Protein chains: 2
Amino acid sequence: MDNRPIAVFDSGLGGLTAVGALSRLYPDEDLIYFGDTGRVPYGTRSRKAILRFSSQAARFLMAFDPKALVIACGTASTAAMEAFDCGVPAVGVVEPSVRKAAAVTRNGRVGLLATPASVRTGAYAACMRSAAPHIALTERDGRLLVPLVEAGRVGPGDRVAALLIEEYCAPFRAAGVDTLILGCTHYPLLADLFAAALPGVTLVNAGVEAAEALRGLIIQADRERTGSLRFFVSDDAEGFSEQAKMFLQREITEMAEVVDLEENMV
Amino acid sequence: MDNRPIAVFDSGLGGLTAVGALSRLYPDEDLIYFGDTGRVPYGTRSRKAILRFSSQAARFLMAFDPKALVIACGTASTAAMEAFDCGVPAVGVVEPSVRKAAAVTRNGRVGLLATPASVRTGAYAACMRSAAPHIALTERDGRLLVPLVEAGRVGPGDRVAALLIEEYCAPFRAAGVDTLILGCTHYPLLADLFAAALPGVTLVNAGVEAAEALRGLIIQADRERTGSLRFFVSDDAEGFSEQAKMFLQREITEMAEVVDLEENMV
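Bear in mind that the values here come from a model prediction, so they are computed numbers and not experimental data.

A. Up close: the environment of A:Ala162. Among the secondary structure elements, A:Ala162 is positioned in helix 8 (residues 159–175). For the pair formed by A:Ala162 and A:Gly108, sequence separation is 54 residues and the distance between their alpha carbons is 27 Å.

B. The arrangement of the interface of chain A and chain B in detail. Listed per partner, the contact involves 30 residues of chain A and 30 residues of chain B. Across the interface of chain A and chain B, roughly 2500 Å² is buried in total on both sides, 52% from carbon and sulfur atoms. Viewed at the interface, chain B and chain A are joined by 4 salt bridges. With a closest N to O distance of 2.6 Å, B:Arg153 and A:Glu167 form a salt bridge. In this assembly, chain A and chain B are joined by 14 residue pairs in polar contact (both at pLDDT 80 or more). Counting only elements with at least two residues in the side of chain A that touches chain B, the list comes to helix 2 (47–62), helix 7 (145–150), helix 8 and helix 12 (261–265) of chain A. Here the side of chain A that touches chain B gets 6 residues from one element, more than from any other, and that element is helix 8 of chain A. Each residue belonging to the side of chain A that touches chain B can be placed in one class, and the counts come to 13 nonpolar, 4 polar and 13 charged.

C. Examining the packing of aromatic side chains more closely. Residue and element names in this part refer to chain B. Per the stated rule, a full pass over the model turns up 21 aromatic pairs over all chains. Considering the side-chain rings of Tyr 42 and Phe 53, the 5.5 Å spacing of their centres and the 50 degrees angle between planes classify their relative orientation as tilted. In this pair, Tyr 42 is assigned in the loop between strand 2 (31–35) and helix 2 (47–62) and Phe 53 in helix 2, connecting sequence segments 11 residues apart. No difference in accessibility class separates Tyr 42 from Phe 53, as the two residues are buried. The interplanar angle of 75 degrees and the centroid separation of 5.4 Å between the aromatic rings of Phe 60 and Phe 64 together place this pair among those described as edge-to-face. Residue class for Phe 64 comes out partly exposed when judged on its relative accessible area of 22%. Looking at Arg 39, its charged tip hangs above the ring of Phe 53, at a distance of 3.9 Å from the centre.

D. A look at the nonpolar core. With 141 residues, the main nonpolar core has A:Leu16, A:Leu145, A:Leu190, A:Phe194, B:Leu16, B:Leu145 and B:Phe194 as its most contacted residues. Discounting chain neighbours no more than four positions away, the residues touching A:Leu16 are A:Tyr33, A:Phe231, A:Phe240, A:Ala244, A:Phe247 and A:Leu248.

E. Geometry of the pairing of strand 2 (residues 31–35) of chain A. Residues and elements named next belong to chain A. Counted residue by residue, strand 2 has 5 buried out of 5 residues, so it is predominantly covered. What you see with strand 2 is no split at all: Leu 31, Tyr 33 and Gly 35 on one side and Ile 32 and Phe 34 on the other are buried throughout. Pairing of strand 1 (residues 6–10) with strand 2, which is carried by 5 bridges, proceeds in the parallel orientation. Note that in strand 2 the partner of Phe 9 across the bridge is Phe 34.

F. Quick look at the sheet that holds strand 7 (residues 179–182) of chain A. All names here are of chain A. Spatially, the 4 strands line up as an open sheet ordered 6-5-7-8, and their pairing is parallel. On the outer flanks of this sheet lie strand 6 (136–141) and strand 8 (202–205), each paired with one strand and no other. On average, each strand axis in the sheet is inclined to that of its neighbour by 20 degrees, with strand direction left out of account. Packed onto the sheet, helix 4 (residues 94–104) meets strand 5 (109–114), strand 7 and strand 8 and runs at close to 170 degrees relative to strand 7. Across the sheet, helix 6 (residues 123–131) touches strand 5, strand 6 and strand 7, and the angle it forms with strand 6 is around 170 degrees.

G. A look at the packing of helix 1 (residues 16–25) of chain A against helix 11 (residues 240–248) of chain A. Residues and elements named next belong to chain A. Following both chains from N to C, one finds helix 1 and helix 11 inclined at 60 degrees, their axes separated by 8 Å at the closest point. On the basis of the axis angle, helix 1 is oblique to helix 11. The chirality of how helix 1 crosses helix 11 is right-handed. Note on element contacts: helix 11 touches helix 1 through Phe 240, Ala 244, Phe 247 and Leu 248, opposite Leu 16, Thr 17, Val 19 and Gly 20. Here the residues of the contact of helix 1 with helix 11 sort into 6 nonpolar, 2 polar and no charged.

H. Here's a closer look at the layout of surface pockets. Counted as a void, the largest pocket has a volume near 880 Å³. The wall of the largest pocket is formed by 41 residues, among which A:Val40, A:Pro41, B:Val40, B:Pro41 and B:Arg45 lie closest to the centre. Elements that contribute at least two residues to the lining of the largest pocket include exactly helix 5 (116–121), helix 7 and helix 11 of chain A together with helix 5 (116–121), helix 7 (145–150) and helix 11 (240–248) of chain B. Residue contributions to the lining of the largest pocket peak at 4 residues, all from helix 11 of chain A. Classifying every residue of the lining of the largest pocket by side-chain character gives 18 nonpolar, 10 polar and 13 charged.

I. View of the sheet that holds strand 7 (residues 179–182) of chain B. All names here are of chain B. Overall, parallel pairing links the 4 strands, which are arranged 6-5-7-8 in an open sheet. Of all strands in the sheet, those with a lone pairing partner are strand 6 (136–141) and strand 8 (202–205), marking the two edges. Within the sheet, the average angular offset between the axes of one strand and its neighbour, ignoring direction, is 20 degrees. In this structure, strand 7 lies alongside strand 8, joined through 4 bridges in parallel fashion. Following the sheet pairing, Thr 179 is matched in strand 8 by Thr 202. Helix 6 (residues 123–131) rests against strand 5 (109–114), strand 6 and strand 7 of the sheet, and its axis sits at about 170 degrees to strand 6. Those strands touched by helix 8 (residues 159–175) are strand 5, strand 6 and strand 7, and its axis lies near 165 degrees from that of strand 6.

J. Representation of the relation of the copies chain A and chain B. Overlaying chain A with chain B gives an RMSD of 0.0 Å, the required rotation being 180 degrees about an axis along which the chain moves by 0.0 Å. Within this description, the copies of the chain are treated as partners about a two-fold rotation axis. Distance from the rotation axis, computed per C-alpha, reaches its smallest value in chain A at A:Arg39: 2.7 Å. Same-surface contact between copies: 100% of interface residues of chain A are shared with the interface of chain B.

K. Looking closely at the state of the cysteines. All names here are of chain B. Within this structure, the stated rule accounts for 0 disulfides over all chains. Between Cys 169, a free cysteine, and Cys 184, which holds the nearest cysteine sulfur, the sulfur-to-sulfur gap is 14 Å. Free cysteine: Cys 184, not disulfide-bonded; nearest cysteine sulfur from Cys 73 at 6.9 Å. The buried category is assigned to Cys 184, whose relative accessible area is 5%.

L. Representation of the packing of helix 4 (residues 94–104) of chain B against helix 10 (residues 206–213) of chain B. Residues and elements named next belong to chain B. At a minimum axis separation of 8 Å, helix 4 and helix 10 run at an interaxial angle of 100 degrees. When the axes of helix 4 and helix 10 are compared, the pair comes out roughly perpendicular. In this structure, helix 4 uses Pro 96, Ser 97 and Lys 100 to contact helix 10, whose residues at the interface are Ala 206, Glu 209, Ala 210 and Ala 213. Looking at the contact of helix 4 with helix 10, its residues break down into 4 nonpolar, 1 polar and 2 charged.

Rules and cut-offs
Residues numbered from 1 in each chain as written. Chains lettered and ligands numbered in written order. Predicted model: local features only at pLDDT ≥ 70, side-chain atom pairs only at ≥ 80, totals over all residues. Heavy atoms only, no water. Helix = DSSP H or I, 4+ residues; strand = E, 2+ residues; numbered from the N terminus. Contact = heavy atoms within 4.5 Å. Buried area = accessible area lost by both parts, 1.4 Å probe. Salt bridge = Lys/Arg side-chain N within 4 Å of Asp/Glu carboxyl O. Polar contact = N/O pair within 3.5 Å; in protein donor to acceptor, adjacent residues only side chain to side chain. Nonpolar A, V, L, I, M, F, W, Y, C, P; charged D, E, K, R; others polar. Phe/Tyr/Trp six-rings, centres within 6.5 Å; stacked < 30°, edge-to-face > 60°. Buried < 20%, exposed > 50% of the residue type's maximum accessible area, 1.4 Å probe, protein only. Lys NZ or Arg CZ within 6 Å of the ring centre and 35° of its normal. Core = buried A, V, L, I, M, F, W, Y, C linked by side-chain atoms within 4.5 Å. Pairing = 2+ DSSP bridges. Axes fitted to C-alpha atoms, helices over the stretch in contact; angles between N-to-C directions. Parallel < 35°, antiparallel > 145°, perpendicular 65-115°, else oblique. Left-handed = near helix turned anticlockwise from the far one by under 90°. 1 Å grid on protein atoms, 1.4 Å probe; cavity = no way out; pocket = protein on both sides within 12 Å on 5 of 7 lines; lining within 4 Å. Points joined across faces, edges and corners; volume = space filled by probe spheres on them. Least-squares fit on C-alpha atoms with pLDDT ≥ 70 in both. Disulfide = S-S within 2.5 Å.

Written out as structure tokens, the structure is:
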């Protein structure tokens, strides 16, 4: 057995949707989360900036001697996966969610909604071409959804959220997709609105798929124990528990600790 | 005469609305602009983060030996004005726009729309109490407007923009304001939508007022010359000229230079 923690990274709080899945799938494992809330969003920044921020985060997380890294951020997974090449297994969201979508589609038409940076890299499209070249992938960026979710506007009665999702989903409806990859870990919080905009379409949750993909890669922790959770953010830890509740869909008792990657690490 | 440049700071590109005003008001002056596009938006971050980012920006701009600083960012003006206390005149957006609003209101009811961080500091309210205590100020944060404007969604036909502005303006209508301070330098790009949501209400443009307020504080440059413009950003200079055109409402020929404040300055 291996009692070292699993480290989870996101540009902000979206990766907590993966933490929820990890806690359910691997209740014995210790989890260390770092969310770069001081520099969120990544999805509208250049590849160079995303790579630098991701490298700083990887160095921070490696100090906890993790047995694996989960890159629970669509943007970092597409634009800066090499930053997490630290000698331990690292799972991003791209390959697991592409494989899942390829497995569940019946009509061979899959949609991808992700951040502008993620779409720009072409990483999802390249992965789909390699994993399932017969599948037609329709890509679209959901640029305003990360600020929307971080503002807590995820309720089914939110007219702005509904209007934005309606707009972003129109090309997927036109393309006749039967499966949509929510390629940013913020998007599953809007699942009800996506389901309303695209009835009958299967939604693939990138964070959940990343958590699933970890299964074969780690040696499990001691079954006699209960996994712990530790949260680090780069800004505004006070608002954290409120927002974390929204992402994890349960109350949390753990406080987040604030770290300053720039001061310590550059 | 004093041919040293005027330095202009914003968290992103909103401050370019002030650059436009400065160019018109002071065509002989050299302008140096720094937009922290690698870390925009500031308005949803903690005061500590805003103060640190602003201090780095101030140090960067002071290297150009400016004769004055224009803090063309509502959030930095409310939360971190002390970061710009560098021994040269520094003008933020708060006092100039409060004074303007107090001068133009007829019914003594003024609205303020600014970022969450700006509203949280209470800086506009404190300034109004001190400058014009008889005026009733209604404050509201326009949290999603910065991402909206940076995404270029400022056209009168944008339904999401119209719906958001309708929502944000409802309390101003309820309070019967006749004057609204657009307390974030991104917001003037949405002026048409504000005018539609609040007919007859005078809009105060924070960036323009900051530019006006500089008049008495500087010794002018040589009238025989034509002022130059130099742009620095902390990320993604390639998209800069496209976006700058939107903010300045004219084509620009100057390229932006990318600087990394964290690597050089921490």
